[in-house]
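Per-entry structural report
Each chain, letter by letter, is given below.
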Amino acid sequence: MPDSIIPPTDPAAQRPAGMGTQAARTPVVLLPGDGIGPEVTAATRRICDAAGAAIDWRAAEAGAACFAKGIATGVPRATLDLVAEAGVVLKAPLETAVGYGGKSVNVTLRNLFEMYGNLRPVKELPGVKTPFSGRGIDMLIVRENIEDLYAGIEHMQTPNVAQSLKLMSVQGCDRILRLAFTLAQAEGRKRVTCVTKANIMKLTEGMMKRRFEAMAPQYPGIAADHLIVDNCAHQMVIRPERLDVIVTSNLFGDILSDLAAGLVGGLGVAPSANVGARVAMFEAVHGSAPDIAGKGLANPTALLLAACMMLRHIGQGAIAQRIEKALFRTLEAGTALTADLARAHPPVSTGAFTDAVIAALELAPPAQAPVAAAKLATPAVPAATIVPEKREVIGVDVFVESRGPVRQLAEAVEQTIGDTPFVLKMISNRGAQAWPATVELEDMVDHWRCRFVMKKPGAWATEGHILALLQRVSLVTSWIHIEKLQRFDGEDGFSKAQGEA
Ligand code: NAP
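Spatially, six strands are ordered β15-β14-β16-β13-β17-β18 in an open sheet, and the strand pairing comes out antiparallel. The open sheet has two free edges, formed respectively by β15 (432-435) and β18 (491-492), since each of these has just one partner strand. By the bridge criterion, 10 bridges tie strand β13 (residues 391-401) to strand β17 (residues 478-488) in an arrangement that is antiparallel. By the bridge assignment, E401 is partnered in β17 with S478. Strands in contact with helix α12 (residues 406-416) are β13, β14 (422-429), β15 and β16 (447-454); relative to β14, the strand with the most contacts, it is inclined by about 160°. Sitting on the sheet, helix α13 (residues 463-473) is in contact with β13, β14, β16 and β17, with an inclination near 20° to β13.

Spelled out as structure tokens, the structure:
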């Protein structure tokens with residue numbers, strides 16, 4: 001782990017080494033979580049307390065137990081109030097029902113408190129042997145935490161077709177990119193790599209890439225490059241030591257950071273921080289691991305390292321340093337490791353591993369010199385709002401549900417819109433043009449996009465035109481939603497279908 005994520009931004013927050021006084025205890029909301037959460041939380045708290053952390057722990061509820069009590073969001077009001085007041089949270093993993101049920105409480109907390117930056121340092125740990133040991137892996141993944149498919153804005157379009165909206169904004173891209181460059185600068189790192197899928201999603205992922213390219217020249221001391229996400233996954237395995245800071249969108253960051261954790265010892269050792277302007281929340285990268293919950297098998301290292309990031313954030317860097325020394329000594333000794341890391345010696349329980357780290361604290365006395373605070377302050381990003389000089393609505397996509405052959409749909413639609421200002425340009429199915437047919441598509445689903453453009457070249461569609469068009473379309477088929485075809489300052493604000501001219 002780097003000594004600090006960000007060097008001191010707030011000299012007043014520097015604290016002499018050693019224990020704080022009762023009065024100087026920092027309030028931290030503690031969410032013990034689900035599954036293995038309570039086990040790794042208890043271990044982490046014991047070690048922090050034994051190391052002399054001056055923390056006023058404020059345990060609160062969230063997650064499965066709250067859903068069971070009928071709290072629809074999984075987070076009670078009292079917990080939200082505590083988080084808003086304290087501004088610092090240590091959170092164990094929370095379970096999210098997979099494929100059904102309530103929203104993720106993790107995502108709810110990140111979104112409600114606008115913690116837009118998710119920082120995941122990935123570094124080789126002493127004594128943790130992996131096929132990549134000795135390669136010098138030391139990267140920081142900076143993951144956008146609020147936008148993208150992760151927002152989970154989903155609608156069934158027909159009984160057979162589901163949709164998830166991928167929203168990315170200029171503001172969202174700018175602030176995560178700014179955070180990545182600021183962190184790179186503060187930690188003396190050399191390179192920031194922007195990871196996207198801009199070759200396919202040219203508007204959403206492409207926005208991230210374009211904003212990155214526009215911002216990079218403001219940081220002349222830092223090399224800036226771009227990787228397509230699939231190649232990044234490949235590079236992570238082939239040449240992980242070449243990667244330094246990675247900045248990426250929410251879902252890709254989620255996946256890549258689990259991959260990265262696997263390079264340095266697995267999910268049991270990967271910490272993270274969620275940061276925003278008002279709240280910072282520290283957690284393990286891993287989830288609630290229900291398969292090993294309650295068995296004393298969980299490795300608390302990930303949450304403990306997250307607690308060390310938190311201690312630096314609240315100005316208790318000396319304590320963080322002491323805990324890390326004791327932890328690294330325990331990992332290097334290798335005699336008391338949990339099952340995920342144990343090699344030469346039989347594995348021990350979560351509790352026995354915790355005892356070993358606490359015992360090692362004796363060999364890691366508190367530092368005498370002051371240790372710099374590393375407050376995870378998010379950089380101020382001026383609100384970027386692009387106001388185009390010219391906006392043209394050149395047509396509209398109308399998504400409809402239909403089960404008949406596409407030719408029949410096209411004929412019916414063309415007939416019904418005869419006296420509107422629109423012409424039917426094409427119909428696509430899941431992104432590929434089906435009518436007029438370029439090739440005969442197979443296995444169509446009951447969700448079609450009818451693309452209408454203005455008959456008269458250069459004419460613009462008004463809201464009135466579109467409403468009248470929808471009325472006509474609804475006479476022959478059931479429409480689901482629409483998307484305006486907009487052009488901003490002459491640039492198309494929509495993608496073409498595969499096969500569309
Ligand atoms: P997971 O909980 O991360 O666990 C995956 C596997 O990783 C476990 O089965 C276990 O492998 C290993 N593992 C994870 N943490 C470990 C630890 N501390 N010590 C030792 N081994 C550990 O992923 P999942 O099973 O896909 O997700 C379970 C639940 O967690 C889901 O409800 C998911 O939504 C939630 N989740 C929450 C968060 C969060 O709170 N931020 C993050 C991710 C997932 P072995 O089987 O090899 O022991």
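From this point, the discussion proceeds with the structure in view.
Our next topic: the site of the ligand. Neighbouring the ligand are 22 residues, the closest being L94, T96, G287, A289 and D291. Contact distances for the ligand include 3.0 Å between an oxygen atom and a backbone N or O atom of S288. For the ligand, an oxygen atom lies 2.7 Å from a polar atom in the backbone of A289. For the ligand, whose unbound accessible area comes to 880 Å², protein coverage reaches 66%. Taken together, the residues of the shell around the ligand sort by class into nine nonpolar, seven polar and six charged.

Here T204 lies in helix α6 (residues 204-215). Its relative accessible area of 18% is what places T204 among the buried residues. The residues touching T204, leaving out its near neighbours within four places in the chain, are K166 and M168.

It is worth spelling out the environment of E147 at this point. Tracing the backbone shows E147 in the loop between β5 (138-144) and β6 (153-158). Note on E147: relative accessible area 14%, which makes it buried. Taking C-alpha positions, E147 is 24 Å from G33, a pair spaced 114 residues apart along the chain. Residues within four places of E147 in sequence aside, it is in contact with L167, M168, S169, G172 and N250. A polar atom in the side chain of E147 sits 2.6 Å from the side chain of S169.

Let us look at α12. Residues of α12 that are buried include every one of V406, L409, A410, V413 and T416, and no others. The buried side chains of α12 occupy one side of the element, clustering within an arc of 140° when seen end-on. Of the residues in α12, the exposed ones pointing more than 90 degrees away from the buried face are R407, Q408, E411 and Q415.

Attention now goes to the layout of surface pockets. One number sums up the size of the second largest pocket: a volume of about 1,000 Å³. In terms of lining residues, the second largest pocket is bounded by 38 residues, among which T96, S104, N106, V107 and Y150 are the most central. If you list the elements that add at least two residues to the lining of the second largest pocket, you get α4 (105-112), α8 (250-263) and β12 (280-284). Element by element, the count of residues in the lining of the second largest pocket is highest for α4, at six residues. Its residues assigned to classes, the lining of the second largest pocket comprises 16 nonpolar, 12 polar and 10 charged. Domain assignment of the residues forming the lining of the second largest pocket places at least three in each of domain 1 (1-116 + 264-371) and domain 2 (131-261).

Remark: helix α1 (residues 37-50) packs on helix α9 (residues 301-313), axes separated minimally by 9 Å, with the N-to-C direction vectors making an angle of 45°. Taken together, the axes of α1 and α9 are oblique relative to one another. Note on packing geometry: the crossing formed by α1 with α9 is right-handed. In contact with V40, T41, T44, I47 and C48 of α1, α9 contributes L303, L304, A307 and L311. Of the residues that constitute the contact of α1 with α9, the class distribution is seven nonpolar, two polar and no charged.

Quick look at the pattern of salt bridges now. For the structure on display, the rule yields 31 salt bridges. A salt bridge links E85 to R58; the shortest N-O distance between them is 3.4 Å. Of this pair, E85 sits in helix α3 (residues 77-86) while R58 is found in strand β2 (residues 55-59), placing the two residues 27 residues apart along the sequence. Between K166 and E205 there is a salt bridge whose closest N-O contact spans 2.6 Å. Taken as a pair, K166 in the loop between β7 (161-165) and α5 (170-186) and E205 in helix α6 lie far apart in primary sequence, 39 residues in all. Comparing K166 with E205, the two get one shared label, buried. Overlapping salt bridges, with partners in common, bring together D397, K425, R449, R451 and E500 in one network.

Attention now moves to α4. With six of eight residues buried, α4 lies mostly within the body of the structure. Among all positions in α4, only V105, N106, V107, T108, L109 and R110 are buried. For α4, the capping residue at the N-terminal end is S104, with a side-chain oxygen 3.2 Å from the backbone nitrogen of N106. Directly after α4, the chain includes E114, whose backbone phi takes a positive value near 50°.

Scoring rules and cut-offs
Residues numbered from 1 in each chain as written. Predicted model: local features only at pLDDT ≥ 70, side-chain atom pairs only at ≥ 80, totals over all residues. Heavy atoms only, no water. Pairing = 2+ DSSP bridges. Helix = DSSP H or I, 4+ residues; strand = E, 2+ residues; numbered from the N terminus. Contact = heavy atoms within 4.5 Å. Axes fitted to C-alpha atoms, helices over the stretch in contact; angles between N-to-C directions. Near = heavy atom within 4 Å. Polar contact = N/O pair within 3.5 Å; in protein donor to acceptor, adjacent residues only side chain to side chain. Areas by Shrake-Rupley, 256 points an atom, 1.4 Å probe, with all protein chains shown as cover. Nonpolar A, V, L, I, M, F, W, Y, C, P; charged D, E, K, R; others polar. Buried < 20%, exposed > 50% of the residue type's maximum accessible area, 1.4 Å probe, protein only. Arc of directions from axis to C-beta. 1 Å grid on protein atoms, 1.4 Å probe; cavity = no way out; pocket = protein on both sides within 12 Å on 5 of 7 lines; lining within 4 Å. Points joined across faces, edges and corners; volume = space filled by probe spheres on them. Domains from an automatic or database assignment. Parallel < 35°, antiparallel > 145°, perpendicular 65-115°, else oblique. Left-handed = near helix turned anticlockwise from the far one by under 90°. Salt bridge = Lys/Arg side-chain N within 4 Å of Asp/Glu carboxyl O.

Structural measurements only, silent on function.
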